[in-house]
Amino acid sequence: MTRRKTSETGSIGEAMEAADDRPVARAMAPTLGELWSRRLARRDVLKGIGKAALLASASALPLAACGDTSGFAPDDIFGFAEVPHGVDETHHVGAGHSADILIRWGDPVLPGAPEFDPLNQSAERQLQQFGYNNDYVGFVPLPYGSRSSDRGLLCIHHEYTNDDLMHPGLVPAPGQNPLELFTREIAEISMAAHGGSIVEVARGKDRKWNVVRDSAYNRRITPLATPMRISGPAAGHPRLQTSEDPEGRTVMGTLNNCAGGITPWGTWLMSEENINFYFMGTPNDEIEATNHARIGIPAPFSYPWGRWHKRFDVAAEPREPNRYGWIVEVDPLDPASTPVKRTALGRFKHEGCENALTKDGRLAIYSGDDQQFEYMYKFVSRDKVNTKDRTANAALLDEGVLYVARFDADGSGSWLPLIHGQNGLDETNGFADQADVLIEARRAGDILGATPLDRPEDVEPHPVTGKVYAALTNAKERTADKVDAVNPRAGNLWGQIVEMTPGGGDHASENFTWTLLVKCGDPSDPAIGAAWNEETSADGWFACPDNVAIDAKGRLWVATDQGSGWHAASGTADGLYALATGGDKRGVARQLFRAPIGAEVCGPIFTPDASALFLAVQHPAADGTVNFAGFNRRSTYADPATRWPDFDANMPVRPSLLVITAGKGSPVGG
Ligand code: FEO
Ligand code: CA
Ligand code: CA
């Protein structure tokens, strides 16, 4: 998700970048400047350890020298011709591959849903149709328990809405805030277009994938009409009680769902990320005002839903924001099930929630907190996953330990437990109980000395090697006095990917080692300080890693989101890249897919046999179109920078989900 300021741009779609670009003020963790110096000294020692370990740029860090080749097939990691850098009105996929539109914003999801009619929208219709800004995509094979690559359920997030690209007439006069143009109907269409969709998909005899239109599994989940249960240590806590829910145990819906995860028992974990954009007003409650400030409320921009739905007005409901910012567990196999907010996993701006089993069979869930100078977290369940009876895991995510990460300059790291009563997380610092620690996980991380990172996005454990890959997307406000080993560049427009190795190869370990796999950006410009394997081509490098995925061959795939700053970060559109993690090609990247102007790429997910790749193209025509040569203006409904994917003058630009295949069942990417 990228965000820009409404007041400066006049665009709703550009309104939310301010939260990415501005770290939330608080006491920082101790400066790591000294540690950075030691890291630099160590780097000099490591220079000269081999071609693959050296950088094209003189200022770059070494790539890890271990050359671990387990878990993937290095010889065919790049079995496709790369897509060149560039930016234009449509998408591009590597030779020999097809990229087909599977479902678009407004297409029917529920059985009997109306077809999309852009001039006849309503919240009632939208509640039955595919939502806006598809982000995370999960795949649950059908029948459940199989490794089917022909049929399954896609679990898709709808992160936010670009209302001015969705409706005609939302064009503000000079100096006017476009949010003033909202009506109740537009606000509720926005609410109905948020949340998630479950759609059954199947491959036909012609090998083409289609949505199963009448599937009983198909479902919409929204902040307008999907009640949810709150569970775990904070359920029922006074700070979660509101006038609509005096028990503090039920909440209507979920907000700003970004990346996510699928558990080993086939449930879908929905992250709640930039929840601050939905709350108007100022709370008349000093403690909650301080708490809300730590997560960015009041925000420089907020959707005006609170004009009609008072729970989004914190002046009226000061505790309502405490009911968002969690992980929501949904059972896609039971369309009648009530989604559950799992408070044991903490409250912050969750980017995603990918997971892996510990050595003794418990579940570890990794999650970045996507904002400049925020932290990375891990939850480890108390109990083991029951692999024989999925229903036995119904409360597994209610008990466990939440940790926050500290990265040390010597390449080691620690997971610091967020446990009430330990290490200052007690009454002296305003934490009366574990619920307080979880509600204010960010502040608890401050006290523990967690490492402020360059916007941690997706964090993905490798199912074979056990290593964990974290995308730190960028942090342009990191200044030279605040660089450290894991965040080594000031004014970082490009991001980096961290590779972590859990202690003892166990995701339950409280220790890890880490190294930077790549430092992103153009390696031909020494001033950028990028770090790639020198075999990376002029079209292979990228900026701003966001979502990552690992395919059946163990290859790491990286989707990028440069936001409105794409022209400065790389000059090329966002895309999907394969990135080698071992062998001689460790640190080589190659682009398979390039998005149309103004879009980011999200949610890469493969079928178990890697014969199909599902990929979300979010907010086409929205980001940075003033820098799109030949267009050079902001998009509107009537005048978008592209009308992808329909290219029909009567259709608005539409975020859409694609399926990429390579023909004859060959693996995507060769
Ligand atoms: Fe929603 Fe961090 O991207
Ligand atoms: Ca993201
Ligand atoms: Ca992922």
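None of these values were measured; they are calculated from a predicted model.

1. Points about helix α7 (residues 286-294)
Where α7 is concerned, the buried positions are Glu-288, Asn-291, His-292 and Arg-294. With its buried residues spanning 150° around the axis, α7 presents them on a single face. For α7, the exposed residues lying more than 90 degrees away from the buried face are Glu-286 and Thr-290. The inward-facing, buried residues of α7 abut β16 (372-374), α8 (434-439) and α9 (441-448).

2. Digging into the nonpolar core
Among the nonpolar cores identified, the biggest contains 90 residues, and Trp-268, Tyr-278, Leu-397 and Leu-418 are the most heavily contacted of them. In terms of residues, this core owes the most to one element, helix α6 (residues 184-193), which gives 6 residues. Excluding anything up to four places from it in sequence, Leu-418 contacts Tyr-377, Leu-402, Tyr-403, Val-404, Leu-425, Gln-434, Val-437, Ala-441, Ala-444 and Leu-448. Core analysis: the next-biggest nonpolar cluster, separate from the first, contains 24 residues, Leu-592, Ala-595, Ala-599 and Val-601 among them.

3. Topic: empty space enclosed by the protein
Counting across every chain of the model gives 7 cavities of 30 Å³ or more. What the largest cavity holds in volume is close to 70 Å³. The wall of the largest cavity is formed by Tyr-136, Val-137, Ala-259, Glu-354, Asp-458, Glu-460, Asn-547, Val-548, Ala-549, Gly-603, Pro-604 and Ile-605. At the level of secondary structure, the elements contributing two or more residues to the lining of the largest cavity comprise β3 (134-141), β21 (456-461), β25 (545-550) and β29 (600-606). Its residues assigned to classes, the lining of the largest cavity shows 7 nonpolar, 2 polar and 3 charged.

4. A word on the coordination of the calcium ion (ligand 2)
In this structure, Cys-258 (SG), Glu-351 (OE), Glu-457 (OE), Asp-546 (OD) and Asp-546 (OD) serve as the protein donors to the calcium ion (ligand 2), at separations of 2.4 to 3.1 Å. What the 6 donor atoms of the calcium ion (ligand 2) show is an angle range of 49 to 164° at the metal, which sorts the shape as irregular.

5. Side note on the coordination of the calcium ion (ligand 3)
For the calcium ion (ligand 3), every protein donor is listed as Glu-354 (OE), Asp-458 (OD), Glu-460 (OE) and Val-548 (O), and the spread of their distances is 2.2 to 2.5 Å. Expressed as a motif, the donor residue spacing for the calcium ion (ligand 3) is E-x103-D-x1-E-x87-V. Highlighted residues: Glu-354 in strand β14 (residues 354-357) and Val-548 in strand β25, separated in sequence by 194 residues. Like Glu-354, the residue Val-548 is buried in the burial classification.

6. Points about the confidence of the model for the chain
Across the chain, the average pLDDT comes to 90, with 89% of residues at or above 70. Within the model, the stretch residues 3-9 combines pLDDT values under 50 with 38 contacts to residues more than four positions away or in other chains. Segment residues 27-72: pLDDT under 50, and 101 contacts once partners within four positions in sequence are set aside and those in other chains are kept.

7. Remarks on the pairing of strand β31 (residues 656-661)
Most of β31 is tucked away: 6 of the 6 residues are buried. Here β31 shows two buried faces, one formed by Ser-656, Leu-658 and Ile-660 and the other by Leu-657, Val-659 and Thr-661. Pairing of strand β2 (residues 98-104) with β31 involves 6 bridges; the strand directions are antiparallel. By the bridge assignment for β31, Asp-100 is matched with Val-659. Strand direction decides the pairing type here: strand β30 (residues 612-618) and β31, joined by 6 bridges, are antiparallel. Counted as the bridge partner of Val-617 is Ser-656 from β31.

Calculation criteria
Residues numbered from 1 in each chain as written. Chains lettered and ligands numbered in written order. Predicted model: local features only at pLDDT ≥ 70, side-chain atom pairs only at ≥ 80, totals over all residues. Heavy atoms only, no water. Buried < 20%, exposed > 50% of the residue type's maximum accessible area, 1.4 Å probe, protein only. Helix = DSSP H or I, 4+ residues; strand = E, 2+ residues; numbered from the N terminus. Arc of directions from axis to C-beta. Contact = heavy atoms within 4.5 Å. Core = buried A, V, L, I, M, F, W, Y, C linked by side-chain atoms within 4.5 Å. 1 Å grid on protein atoms, 1.4 Å probe; cavity = no way out; pocket = protein on both sides within 12 Å on 5 of 7 lines; lining within 4 Å. Points joined across faces, edges and corners; volume = space filled by probe spheres on them. Nonpolar A, V, L, I, M, F, W, Y, C, P; charged D, E, K, R; others polar. Donors = N, O, S within 2.8 Å, 3.2 Å for Na, K, Ca; no water. Tetrahedral: all angles 85-135°; square planar, octahedral: opposite > 155°, others 65-115°. pLDDT = per-residue confidence, 0-100. Pairing = 2+ DSSP bridges.

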